[in-house]
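Tertiary structure, described
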Amino acid sequence: MVYPVRFPPGRWRNMFAALTSLLPGTVPAGDQNGQFVYHCLDVDQPVALQLAAEETALAQAICHA
């Protein structure tokens, strides 16, 4: 699956990739046209929703740091 990451290239985008690599069954596998490509073991899971929630949480943590 392809996920449109909102973070621009740099440390926060890299941090998001590292954090999402810890999600069960989901591995960032590359970058395609500015979007992350994920390898997902279970395509029936709401992976895009989970990634969006993680991205929002990281953005909020960055703003409050």
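Everything in this summary refers to the structure shown in the same document. Here the structure is a predicted model, which means the values were calculated and not measured. (Residues numbered from 1 in each chain as written. Predicted model: local features only at pLDDT ≥ 70, side-chain atom pairs only at ≥ 80, totals over all residues. Heavy atoms only, no water.)

Summed over the entire model, instances satisfying the criterion amount to two salt bridges. Across the pair glutamate 55 and arginine 6 runs a salt bridge whose closest N-O atoms are separated by 3.4 Å. Of this pair, glutamate 55 sits in helix 2 (residues 47-63) while arginine 6 sits in the loop between strand 1 (2-3) and helix 1 (11-20); the two residues are 49 residues apart in sequence, bridging distant segments of the chain. Take glutamate 55: its relative accessible area is 1%, and that puts it in the buried class. Between arginine 13 and aspartate 31 there is a salt bridge, with the nearest N and O atoms lying 3.1 Å from each other. Within this pair, whereas arginine 13 is found in helix 1, its partner aspartate 31 is found in strand 2 (residues 26-32), the two being separated by 18 residues in sequence. Take aspartate 31: its relative accessible area is 48%, and that puts it in the partly exposed class. (Salt bridge = Lys/Arg side-chain N within 4 Å of Asp/Glu carboxyl O. Helix = DSSP H or I, 4+ residues; strand = E, 2+ residues; numbered from the N terminus. Buried < 20%, exposed > 50% of the residue type's maximum accessible area, 1.4 Å probe, protein only.)

Let us look at the nonpolar core. In terms of nonpolar packing, the biggest core is built from twelve residues, these being Tyr3, Val5, Phe7, Phe16, Ala17, Leu23, Phe36, Tyr38, Cys40, Val47, Leu51 and Leu58. Elements represented by at least two residues in this core include exactly helix 1, strand 3 (35-40) and helix 2. Once residues lying within four places of it in the same chain are set aside, the contact partners of valine 47 are Met1, Thr26, Cys40 and Asp42. (Core = buried A, V, L, I, M, F, W, Y, C linked by side-chain atoms within 4.5 Å. Contact = heavy atoms within 4.5 Å.)

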